[in-house]
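# Per-entry structural report
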Amino acid sequence: MNWQRYHRLGTIYQFMQDLAKQFPHLVEVFSIGKSFEGRDLLVAKIGKKQNYEKPAIFIEGGIHAREWISPATVTFILRQLVLNYDLNQDIVNFYDVYILPVMNPDGYEFTHTKDRLWRKNRSKAPISLGNLFPGCVGVDLNRNFGFHWAEPSIKHIRGGSSLPCVETYQGESPFSESESRAVSDFVFSKRHLIVIYLSYHSYGEKIVYPWSYTAQPVYDVDDLHPMAIEMSNAIFDESLGKKRFEVGSSPFVQYSASGGSDDWVKGSAGVKWVFLLELPDKGKYGFLLPAKQIVPTARAGLAALRAVSSKVSYTL
Ligand code: 0X9
Ligand code: ZN
């Protein structure tokens with residue numbers, strides 16, 4: 001695999017399997033569940049084995065189908081952690097890093113074959129008398145997590161919708177979707193170990209921390225906000241002063257929306273350091289970020305991980 005272009009799911013999965021074969025002492029690849037259409041949700045675990053239980057980091061990519069820079073960035077991070085082990089020893093020796101490059105594989109493939117700007121998964125509600133929208137496909141997985149799901153009742157278009165035909169459809173019920181169910185089951189089972197959760201999206205150049213469902217500040221905003229600034233500074237340095245990511249909670253830097261994975265990981269799984277990154281750009285190309293920008297963008301994504309993981313390691 002290379003990072004000069006965007007790749008199909010099969011190429012990404014092959015790359016993960018090859019890496020595990022080549023570096024069995026460092027990388028393990030396994031499926032945490034299946035998508036609606038039956039594709040595996042593959043996770044790579046990277047970490048040097050220690051004789052104690054290591055703190056863990058979970059990295060979520062590709063929850064939104066059209067945000068191609070997200071899988072590209074997190075696979076680049078995976079590559080660097082393994083192939084550039086010397087430079088990333090502090091991360092790989094101290095933590096186990098779980099990387100899920102494509103949380104929405106059905107949607108991702110659909111953006112390669114049918115509709116480049118598809119966002120949701122590809123689930124179809126069963127056809128029944130009660131189904132008023134039999135033609136509408138897909139749930140926004142970042143509205144389907146079960147923490148304050150479907151709140152608030154007064155919503156705007158981006159906040160999460162009960163209408164199956166819109167782009168931010170929240171689904172039938174919390175965790176109605178197999179993809180969000182699989183991720184939450186896995187994260188919940190490892191919640192005693194996971195200390196950092198990063199979700200990579202595009203676009204907007206922002207670092208967002210909980211809450212997204214309310215404008216009330218999170219209880220440890222005095223920890224999360226300075227950490228987000230550290231990450232933003234690391235990106236600024238990595239980008240040679242070109243990128244200044246804005247930091248804050250979603251209602252302040254973008255919009256409020258409930259049912260996001262980030263809010264659930266913080267609120268229900270109890271992970272302290274939860275951040276969502278909106279990778280470049282700021283709208284010139286938007287979701288259609290040219291492939292030439294993959295490597296610089298992915299380096300910024302890695303810089304943010306390095307910043308948060310090193311700071312957090314001192315608090316443990
Ligand atoms: O709307 C979203 O899900 C995210 N923006 S995007 O353009 N990548 O779709 C922002 C999510 C902020 N966090 C939550 N809403 N939980
Ligand atoms: Zn997104």
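Residues numbered from 1 in each chain as written. Chains lettered and ligands numbered in written order. Predicted model: local features only at pLDDT ≥ 70, side-chain atom pairs only at ≥ 80, totals over all residues.

What follows concerns unusual backbone geometry. Here the residue pair S202 and Y203 is connected by a cis peptide bond, since its omega of 0 degrees sits within 30 degrees of zero. Relative to the assigned elements, Y203 resides in the loop between β5 (194–202) and β6 (206–209). Cis geometry marks the peptide bond from P280 to D281; its omega dihedral reads 5 degrees. Looking at where D281 falls in the secondary structure, it is placed in the loop between β8 (273–279) and α9 (294–315). Residue E205 is not a glycine yet carries a positive backbone phi of 60 degrees. With respect to the helices, strands and loops of the structure, E205 is situated in the loop between β5 and β6. Classification of E205 as buried rests on a count of 21 C-beta atoms within 10 Å. (Helix = DSSP H or I, 4+ residues; strand = E, 2+ residues; numbered from the N terminus. Buried ≥ 20, exposed ≤ 12 C-beta atoms within 10 Å, placed from the backbone.)

Taken together, 15 residues sit near ligand 1, with N142, H201, S212, A257 and G260 positioned nearest. Here the shell around ligand 1 is composed, by residue class, of three nonpolar, seven polar and five charged. (Near = placed C-beta within 6 Å. Nonpolar A, V, L, I, M, F, W, Y, C, P; charged D, E, K, R; others polar.)

With that settled, consider the UniProt feature "active site" (unreviewed entry) in the chain. UniProt records the feature "active site" (unreviewed entry) at E278, using the numbering of this structure. Counting through the fold element by element, E278 comes out in strand β8. The class for E278 is buried, based on 23 C-beta atoms found within 10 Å. Leaving out residues up to four positions away in the same chain, E278 has contacts with H201, S202, Y203, G204, E205, K206 and V208. (UniProt positions renumbered as here; feature names shortened; annotations may be inferred. Contact = placed C-beta atoms within 7 Å.)

Turning to the environment of L240, a few remarks are in order. For L240, the location among the structural elements is in the loop between α6 (221–238) and β7 (246–249). Once the C-alpha coordinates of L240 and D40 are considered, the two residues, 200 residues apart in sequence, prove to be 38 Å apart.

Our next topic: the environment of L288. In this fold, L288 is placed in the loop between β8 and α9. Among the residues examined, L288 registers 14 C-beta atoms within 10 Å and is labelled partly exposed. Note: C-alpha distance between L288 and Y203 (85 residues apart in sequence) is 9.6 Å.

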